[in-house]
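# Architecture at a glance
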Amino acid sequence: MNSITLKNPFDMHLHLREGEILKAVLPFSAQSFSGGVIMPNLKTPVTTSQLAQSYREEIASLAPDFLALMTIYVTDFLDKESLQDLSEVGIKILKLYPKGATTNSDSGVSSILNPNLLEILKVAQDLGMILSIHGESDGFSMDREYEFLKVFENLAKRFPKLHIVLEHMSDHRSIKVLENFENITATLTYHHITMDLDSLLGKNLNPHYFCKPILKTPYDKEALLDLALNAHKKVSFGSDSAPHLISNKYSQNAFGGIFSAPNLLPRLVELFERHNKLENLQAFVSDNAITNYKIKVKKDKFITLKKSPSKIPDSIPVLDSKIIPLFGGSDLMWQELV
Ligand code: DOR
Ligand code: ZN
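Here is a short report on the structure shown in this document. Predicted, not measured: the structure shown is a model, and the values here were computed from it.

## Section: the sheet that holds strand β10 (residues 302–311)
Strand order across the open sheet formed by three strands is β1-β10-β13, with antiparallel pairing between neighbours. Edge strands, defined here as strands with exactly one partner in the open sheet, are β1 (3–7) and β13 (331–336). On average, each strand axis in the sheet is inclined to that of its neighbour by 35 degrees, with strand direction left out of account. Pairing analysis gives five bridges linking β10 to β13, with the strands arranged antiparallel. Bridge pairing in β13 links Lys 306 to Gln 335.

Structure representation (structure tokens):
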């Protein structure tokens, strides 16, 4: 095949940041995707309807056609009364970070199964909201997602009508919760389905491959890739593209986050083509998400890609510094037509 057209691609897990970084990175996502789920872990976390609405306006002023599905950062101070207001303004995704688990998660929740949060989740369930979770314990890095599975199981049983999303699935042992609980779905990143721990540190340490959850074993990668290539009904694409200035990636305290937004669709096409699964890409990057998250698309967007060489930019200039994209400078076999 020499060309492929995708209808309404969605990136179901996206960090856009704010201000100058937002301006620099948003065009990559807005060009390729109809919309995406916008993560709330800004320097001032998006904890209220007001903050989410002004963030949504900031995004809309730069990319009016991009459907920004906003999320609310769950803190110990979230109260159940505010959930109704959120629903009314079309904000229906709650993002839960265990305190300290990742970048800007200091305001996260220290005890997830606490009575206050459980009451909130009951209301969220009644309002048809979605609970999106960064599911990692504070244990050994390679086992953090696995150790957290019991929390997913507990919540899924308690709130059988609440749609719970296991974000950026990274461990093959998590797949069983998709099979066992009707109300759990997952997002998969490009990096977790194509790379393993050796990409990060098998040769020299490469901070651009450092992310949370950490890249795992080749076996995990293959198992997750298999879900993606077969467009398992309960998984959708969520890049977890997470830009950091180069100074924060090359510092002693390097931040976790892989900036994968540039050229994501050509790379996905290449991957699915290599495995003879191109026919499943539409479901993986769009249909599953539209069904599972009940997204209402206002105006269809069609993205055509053709087999013709292109290149990932080396770096993106911003704030007298730069951000390095995943595989910056490398060649691609496919190109997105704009
Ligand atoms: O690698 C990551 N980076 N994982 C996250 O959960 C957060 C993200 C970020 O915000 O940089
Ligand atoms: Zn993320």
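On we go from here.
## Overview of the sheet that holds strand β5 (residues 93–96)
Judged by pairing direction, the sheet is parallel, and its eight strands sit side by side in the order β2-β3-β4-β5-β6-β7-β8-β9 without closing on themselves. Two strands bound the open sheet, and with one partner strand each, they are β2 (10–14) and β9 (235–237). Each strand axis lies, on average, 25 degrees off the axis of its neighbour in the sheet, ignoring direction. Pairing geometry for strand β8 (residues 184–188) and β9, over three bridges, is parallel. From the neighbouring strand, Leu 188 faces β9, where its bridge partner is Phe 237. Strand contacts of helix α2 (residues 49–62): β3 (35–38) and β4 (67–73), with the helix running at about 150 degrees to β4, the strand carrying the most contacts.

## Details of the pattern of salt bridges
One pass over the structure, following the stated rule, counts nine salt bridges. Residues Glu 119 and Lys 80 are paired through a salt bridge, measuring 2.6 Å at the closest nitrogen-oxygen approach. Pair noted here: Glu 119 is in helix α4 (residues 115–126) and Lys 80 is in the loop between β4 and α3 (81–88), with a separation of 39 residues, a long-range link. Assessed through its relative accessible area of 41%, Glu 119 is described here as partly exposed. Linking Asp 196 and Lys 221 is a salt bridge whose minimum nitrogen-to-oxygen distance equals 3.6 Å. Of the two residues, Asp 196 sits in the loop between α7 (190–194) and α8 (197–201) while Lys 221 sits in helix α9 (residues 218–229), which places them 25 residues apart along the sequence. Judged by its relative accessible area of 12%, Asp 196 falls in the buried class. Each of Asp 143, Asp 171 and Arg 173 takes part in a single network of salt bridges with overlapping partners.

## Structural notes on the site of ligand 1
Contacts to ligand 1 come from 13 residues, most closely from Arg 17, Asn 41, Thr 102, Lys 212 and His 244. Here a nitrogen atom of ligand 1 and a backbone polar atom of Lys 212 are 2.8 Å apart. For ligand 1, a nitrogen atom lies 3.0 Å from a polar atom in the backbone of Gly 256. When ligand 1 sits alone it has 290 Å² of accessible area, and the protein chains cover 100% of it. Residue classes in the shell around ligand 1 are distributed as two nonpolar, eight polar and three charged.

## What about the packing of helix α11 (residues 264–274) against helix α12 (residues 281–292)?
Direction vectors running N to C along α11 and α12 enclose 135 degrees, while the axes themselves pass 9 Å from each other. In terms of axis orientation, α11 runs oblique to α12. Where α11 approaches α12, its residues Leu 268, Val 269 and Phe 272 are matched on the opposing element by Leu 281, Phe 284 and Val 285.

## Quick word on α9
The end-to-end C-alpha distance of α9 is 16 Å, a good match for the 16 Å that twelve residues give at a rise of 1.5 Å each. For α9, the complete set of buried residues consists of Asp 220, Lys 221, Leu 224, Leu 225, Leu 227, Ala 228 and Leu 229. On its buried side, α9 packs onto α6 (175–180), β8, α7, β9, α11 and α12. Phi turns positive, to about 45 degrees, at Ala 231, one or two residues after α9.

## Digging into the packing of aromatic side chains
Any two aromatic rings considered together are summarised by their centre-to-centre distance and by the angle between their planes. As enumerated under the stated definition, the model contains seven aromatic pairs in all. Plain terms: the ring middles of Tyr 73 and Tyr 97 are 5.2 Å apart, the flat faces sit at 40 degrees to each other, and that makes the pair tilted. Note that Tyr 73 is positioned in strand β4 and Tyr 97 in the loop between β5 and α4, a separation of 24 residues in sequence. Taken together, a centroid distance of 5.7 Å and an interplanar angle of 25 degrees make the contact between Phe 272 and Phe 284 stacked. Note that Phe 272 is positioned in helix α11 and Phe 284 in helix α12, a separation of twelve residues in sequence. Overall, the relative accessible area of 0% leaves Phe 272 in the buried class. Residue Phe 284 is classed as buried on the basis of its relative accessible area of 0%. Site record: aromatic cluster; members linked through ring pairs are Phe 33, Phe 237, Phe 272 and Phe 284. Looking at Arg 173, its charged tip hangs above the ring of Tyr 146, at a distance of 4.0 Å from the centre.

## As for a negative patch on the surface
Side chains of Asp 79, Glu 81, Asp 85 and Glu 88 sit close together on the surface and give a patch of like negative charge. Residue placement: Asp 85 occurs in helix α3.

## Quick word on the nonpolar core
Within the largest apolar cluster, 97 residues are counted, with the highest numbers of intra-cluster contacts made by Ile 59, Leu 94, Leu 155 and Phe 284. Not counting the four nearest positions on each side in its chain, Phe 284 is found in contact with Leu 188, Ala 228, Ala 231, Val 235, Ser 236, Phe 237, Leu 268 and Phe 272. Judged by nonpolar contacts, the second largest core, of 13 residues, contains Phe 10, Leu 69, Tyr 73 and Ile 130.

Parameters at a glance
Residues numbered from 1 in each chain as written. Chains lettered and ligands numbered in written order. Predicted model: local features only at pLDDT ≥ 70, side-chain atom pairs only at ≥ 80, totals over all residues. Heavy atoms only, no water. Pairing = 2+ DSSP bridges. Helix = DSSP H or I, 4+ residues; strand = E, 2+ residues; numbered from the N terminus. Axes fitted to C-alpha atoms, helices over the stretch in contact; angles between N-to-C directions. Contact = heavy atoms within 4.5 Å. Salt bridge = Lys/Arg side-chain N within 4 Å of Asp/Glu carboxyl O. Buried < 20%, exposed > 50% of the residue type's maximum accessible area, 1.4 Å probe, protein only. Near = heavy atom within 4 Å. Polar contact = N/O pair within 3.5 Å; in protein donor to acceptor, adjacent residues only side chain to side chain. Areas by Shrake-Rupley, 256 points an atom, 1.4 Å probe, with all protein chains shown as cover. Nonpolar A, V, L, I, M, F, W, Y, C, P; charged D, E, K, R; others polar. Parallel < 35°, antiparallel > 145°, perpendicular 65-115°, else oblique. Expected span 1.5 Å × (residues − 1). Phe/Tyr/Trp six-rings, centres within 6.5 Å; stacked < 30°, edge-to-face > 60°. Lys NZ or Arg CZ within 6 Å of the ring centre and 35° of its normal. Patch = residues over 30% accessible without salt bridge, like charges linked within 9 Å, V, L, I, M, F, W, Y side chains within 5 Å. Lys, Arg positive; Asp, Glu negative; His and termini not counted. Charge placed at Lys NZ, Arg CZ, Asp CG, Glu CD. Core = buried A, V, L, I, M, F, W, Y, C linked by side-chain atoms within 4.5 Å.

Function-wise, these values are silent; they only describe arrangement.
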